[in-house]
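Tertiary structure, described
Now for the letters of each chain:
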Amino acid sequence: MQVRVLGCGTIAGRTGRNCSGYLIDEQILLDCGPGIWSALYSAEQPLKQINHILLSHFHVDHISDLIPFLWERWVFEDERESLLSIYGPVGLNSWFEKMIIPHHDWIKDLAISLHELGNKKTEVGLYTVETRSTGHTTNSICLKLSDPRDKSLFYSGDSGWNENLIELAAKCDLAIIDSANSSENKTEDHLTPELAARIASSAGAKRLMLTHLYPEVWDTDPAEEAARHFNGEILLARDRLVVFF
Ligand SMILES: [Zn+2]
Ligand SMILES: [Zn+2]
């Protein structure tokens with residue numbers, strides 16, 4: 001499996017990083033926040049290869065580049081009819097309906113299917129995805145994506161401390177976990193590098209990627225803090241980082 005970090009930043013304070021977005025095996029997009037559309041262009045990733053988008057929740061730092069993404073598909077007429085499947089939390093259908101109101105005159109030309117993800121395994125092309133709620137919003141989800149070789153990626157989306165993350169991340173090859181807060185400034189709706197490490201450790205994850213860091217966390221040594229609680233390999237997310245496993 002290949003994971004390309006398109007954006008690891010947040011909208012809370014400017015860090016020069018794109019907001020949330022990860023490209024899996026050049027074909028599945030995980031979240032689509034501000035900066036992701038142009039990051040795909042910079043990485044020379046043709047949008048027509050991406051026929052699956054997974055959304056963790058509907059906060060602006062995770063979804064705002066969906067409209068530019070869809071617009072580019074519409075501009076190239078041969079791509080309009082190729083099916084784009086969008087997966088997300090329960091509520092995806094009504095959210096999408098409202099979101100496209102100002103754009104309906106052209107979005108109606110695109111072939112899009114929407115899939116609300118519950119707790120059951122769902123097929124995403126040749127991959128499977130499983131989700132659990134995170135409690136960050138009423139319907140936010142974390143997810144585990146497994147490929148045909150049984151390699152697995154866990155993505156927390158945004159989350160505070162939640163045992164669901166440990167359950168779903170069990171024995172994954174890479175856990176990408178929200179580490180927005182510093183230990184001095186904990187909140188209920190995000191994790192810290194220490195808590196992300198504790199989750200990865202309890203889950204028996206092989207590698208941990210710390211992501212979605214607020215500016216104050218970049219001023220600390222998040223990888224060193226996480227290493228006190230997790231024995232596996234620790235990666236500090238950065239835009240354009242590519243990981244293979
Ligand atoms: Zn959020
Ligand atoms: Zn976020």
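Here the structure is a predicted model, which means the values were calculated and not measured.

Cut-offs applied
- Residues numbered from 1 in each chain as written.
- Chains lettered and ligands numbered in written order.
- Predicted model: local features only at pLDDT ≥ 70, side-chain atom pairs only at ≥ 80, totals over all residues.
- Heavy atoms only, no water.
- Pairing = 2+ DSSP bridges.
- Helix = DSSP H or I, 4+ residues; strand = E, 2+ residues; numbered from the N terminus.
- Axes fitted to C-alpha atoms, helices over the stretch in contact; angles between N-to-C directions.
- Donors = N, O, S within 2.8 Å, 3.2 Å for Na, K, Ca; no water.
- Tetrahedral: all angles 85-135°; square planar, octahedral: opposite > 155°, others 65-115°.
- Buried < 20%, exposed > 50% of the residue type's maximum accessible area, 1.4 Å probe, protein only.
- Contact = heavy atoms within 4.5 Å.
- Polar contact = N/O pair within 3.5 Å; in protein donor to acceptor, adjacent residues only side chain to side chain.
- Patch = residues over 30% accessible without salt bridge, like charges linked within 9 Å, V, L, I, M, F, W, Y side chains within 5 Å.
- Areas by Shrake-Rupley, 256 points an atom, 1.4 Å probe, with all protein chains shown as cover.
- Salt bridge = Lys/Arg side-chain N within 4 Å of Asp/Glu carboxyl O.
- Arc of directions from axis to C-beta.

Brief notes about the sheet that holds strand 8 (residues 127-133)
Pairing is mixed across the open sheet formed by 7 strands, whose spatial order is 7-8-9-10-11-12-13. The two strands at the open ends of the sheet, each matched to only one other strand, are strand 7 (122-124) and strand 13 (233-236). Each strand axis lies, on average, 20° off the axis of its neighbour in the sheet, ignoring direction. With 4 bridges joining them, strand 12 (residues 207-211) and strand 13 adopt parallel strand pairing.

Section: the coordination of the zinc ion (ligand 2)
Those donors, D61 (OD), H62 (NE2), D158 (OD) and H212 (NE2), are the protein atoms that reach the zinc ion (ligand 2), and they lie 2.1 to 2.2 Å from it. Considering all 4 donor atoms around the zinc ion (ligand 2), angles at the metal cover 88 to 158° and the coordination shape is irregular. Here the zinc ion (ligand 2) and the zinc ion (ligand 1) are spaced 3.5 Å apart, linked through D158, which binds each one. Linking D61 in helix 2 (residues 60-63) with D158 in the loop between strand 10 (152-155) and helix 7 (163-168), this pair joins segments that are 97 residues apart in sequence. The exposure classification of D61 matches that of D158, with both residues buried.

Quick word on the coordination of the zinc ion (ligand 1)
Around the zinc ion (ligand 1), the protein contributes the donor atoms H57 (NE2), H59 (ND1), H136 (NE2) and D158 (OD), which lie 2.2 to 2.4 Å from the metal centre. For the zinc ion (ligand 1), the donor residues sit on a single chain with the sequence spacing H-x1-H-x76-H-x21-D.

Quick look at the sheet that holds strand 1 (residues 2-7)
Strand order in the open sheet formed by 7 strands is 6-5-4-3-2-1-14, with mixed pairing between adjacent strands. With one partner strand each, in any of the chains shown, strand 6 (112-116) and strand 14 (242-244) form the two edges of the open sheet. Mean inter-strand twist for the sheet, computed between neighbouring axes without regard to direction, equals 20°. The sheet contacts of helix 3 (residues 66-75) involve strand 3 (28-30), strand 4 (52-54), strand 5 (84-88) and strand 6, and relative to strand 5 the element is tilted by about 165°. In the packing of helix 5 (residues 92-99) onto the sheet, the strands contacted are strand 5 and strand 6, and the crossing angle to strand 6 comes to about 140°.

As for the side chain of H190
Along the chain, H190 falls in the loop between strand 11 (174-178) and helix 8 (193-203). A distance of 2.7 Å separates the side chain of H190 from the side chain of D178, its partner in a polar contact. Looking at H190, its side chain comes within polar contact range of the side chain of Y214, at 3.2 Å. In contact with H190, other than residues within four places in its own chain, are H136, D158, S159, G160, D178, A180, N181, H212 and Y214.

Some details on a nonpolar patch on the surface
A cluster of nonpolar side chains, namely W71, V75 and F76, defines an oily patch on the protein surface of about 290 Å² accessible area. Looking at the element boundaries, W71 is found in helix 3. Overall, W71 belongs to the partly exposed group, its relative accessible area being 40%.

Notes on the side chain of T192
Mapped onto the secondary structure, T192 falls in the loop between strand 11 and helix 8. Among the residues examined, T192 registers a relative accessible area of 1% and is labelled buried. A polar contact is formed between the side chain of T192 and the backbone nitrogen of L195, at a distance of 3.0 Å. Setting aside its immediate chain neighbours within four residues, T192 contacts D178, S179, N181, S182, S183, K186 and E225.

Structural notes on helix 3
Buried within helix 3 are the following residues: L66, I67, F69, L70 and R73. Axial view of helix 3: buried residues confined to an arc of 160°, hence all on one face.

Describing the pattern of salt bridges
Summed over all chains, the structure comprises 8 salt bridges. Note that R207 is salt-bridged to E233, the shortest N-O span being 3.2 Å. With a gap of 26 residues between them, R207 in strand 12 and E233 in strand 13 connect regions that are remote in the sequence. Each of the salt bridges in this network shares a partner with another, and the network as a whole consists of E130, R132 and E167.

A word on helix 8
The α-helix advances 3.6 residues per turn, and as a result positions three or four apart in sequence lie on the same side. Among the 11 residues in helix 8, 8 count as buried, and that is most of the element. Along helix 8, the positions that sit buried rather than exposed are P193, E194, L195, A196, A197, I199, A200 and A203. Contacts made by the buried residues of helix 8 are with helix 7, strand 11, strand 12, helix 9 (215-218) and helix 10 (222-227). Following helix 8 by one or two positions, G204 adopts a phi angle in the positive range, close to 75°.

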